[in-house]
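An overview of the molecular structure
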Amino acid sequence: QVQLVETWGGLVHAGGSLRPFCTAFRSTLGNHCMSWYRQPPGKQRELVASISTDGMTNYADFVKGRFTITRDNAKNTAYQQIINLRTEDAAVYYCSALEPMTQRQYWGVGTQVTVSS
């Protein structure tokens, strides 16, 4: 069982930056594909970015050039660098870990990102 905890969401002005991160407890993340999802108010959860076990990244078109996902397996942590935040980026951001062999997916509880204009 992988337990994920996201931190460092918060309130920022449009154009600002944040670096939420996700740490795993009771397990190691080295053999999991890591992803960030977000759920804006009143909308469905959507994939933002993912990073494979060997470091290959993939981004949703609406965040390309502004979001960067990285991982540090030694620290069991995945990061998301967000720059040039827009009001439409306001959402609860969720970290997810996927076991490629079993396709079992684990979720964090989410961290709120609020962007003021």
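In what follows, the accompanying structure is described.

Rules of the game
- Residues numbered from 1 in each chain as written.
- Predicted model: local features only at pLDDT ≥ 70, side-chain atom pairs only at ≥ 80, totals over all residues.
- Heavy atoms only, no water.
- Helix = DSSP H or I, 4+ residues; strand = E, 2+ residues; numbered from the N terminus.
- Rg over C-alpha atoms; globule rule 2.2 N^0.38 Å.
- Buried < 20%, exposed > 50% of the residue type's maximum accessible area, 1.4 Å probe, protein only.
- Contact = heavy atoms within 4.5 Å.
- Areas by Shrake-Rupley, 256 points an atom, 1.4 Å probe, with all protein chains shown as cover.
- Salt bridge = Lys/Arg side-chain N within 4 Å of Asp/Glu carboxyl O.
- Disulfide = S-S within 2.5 Å.
- Core = buried A, V, L, I, M, F, W, Y, C linked by side-chain atoms within 4.5 Å.
- Pairing = 2+ DSSP bridges.
- Axes fitted to C-alpha atoms, helices over the stretch in contact; angles between N-to-C directions.

Per the secondary structure count, the protein chain includes zero helices and eleven strands. Listing the helices and strands of the protein chain from first to last along the sequence gives β-β-β-β-β-β-β-β-β-β-β. What you see for the protein chain is a C-alpha radius of gyration of 13 Å, in line with the 13 Å of a compact globule of 117 residues. If you line up the protein chain on its principal axes, its C-alpha atoms span 40 × 25 × 25 Å. Relative to its full complement of 117 residues, the protein chain shows a buried share of 44%. Contacts in the protein chain between residues at least 24 apart in sequence constitute 55% of all its contacts with a sequence separation of at least 6. Element-wise, carbon and sulfur atoms account for 52% of the exposed surface of the protein chain, whose accessible area totals about 6400 Å².

For the coordinates displayed, the defined rule picks out four salt bridges. Arg66 is the salt-bridge partner of Asp89, the closest N and O atoms lying 2.7 Å from each other. With Asp89 in the loop between β8 (77–82) and β9 (91–98) and Arg66 in the loop between β6 (57–59) and β7 (67–72), this pair connects stretches of sequence that are 23 residues apart. The same class applies to Asp89 as to Arg66, namely buried. Several salt bridges converge on common partners, so that one network encompasses Arg38, Glu46, Arg66 and Asp89.

The next subject is the environment of Val109. By secondary structure assignment, the location of Val109 is in the loop between β10 (105–107) and β11 (111–116). Taking the C-alpha atoms as reference, Val109 lies 25 Å from Lys64; in sequence the two are 45 residues apart. For Val109, the residues in contact, after removing those within four places along its chain, are Leu4, Glu6 and Tyr94.

Our next topic: the state of the cysteines. Within this structure, the stated rule accounts for one disulfide. Two residues share a disulfide in this structure: Cys22 and Cys95, whose sulfurs sit 2.1 Å from each other. What sets the handedness of the Cys22 and Cys95 disulfide is the S-S torsion sign, and at about -75° it is left-handed. Taken together, the positions of Cys22 in strand β3 (residues 21–25) and Cys95 in strand β9 put the pair 73 residues apart, joining distant regions of the chain. Using a relative accessible area of 0% as the deciding quantity, one classes Cys22 as buried. The structure places no disulfide on Cys33, whose sulfur is separated from the nearest cysteine sulfur, that of Cys95, by 11 Å.

With that out of the way, let us pick up the nonpolar core. Buried together is how nonpolar side chains tend to be arranged in soluble globular proteins. Core analysis: the largest hydrophobic core is formed by 27 residues, its most contacted members being Leu4 and Met34. Among the elements of the structure, β3, β4 (33–39), β5 (46–51), β7, β8, β9 and β11 are those that each provide at least two residues to this core. Sequence-distant contacts of Leu4, that is, excluding residues within four places in its chain, are made with Cys22, Thr23, Ala24, Leu29, Cys95, Ser96, Ala97, Tyr106, Trp107, Gly108 and Val109.

Next up on the list: the sheet that holds β3. Within a sheet, neighbouring strands are paired by backbone hydrogen bonds and run either parallel or antiparallel to one another. Strand order in the open sheet formed by four strands is β1-β3-β8-β7, and the pairing between neighbours is antiparallel. The sheet is open, and its two borders are formed by β1 (3–7) and β7, each paired with just one other strand. Pairs of neighbouring strands in the sheet enclose a mean axial angle of 20°, with direction left out of account.

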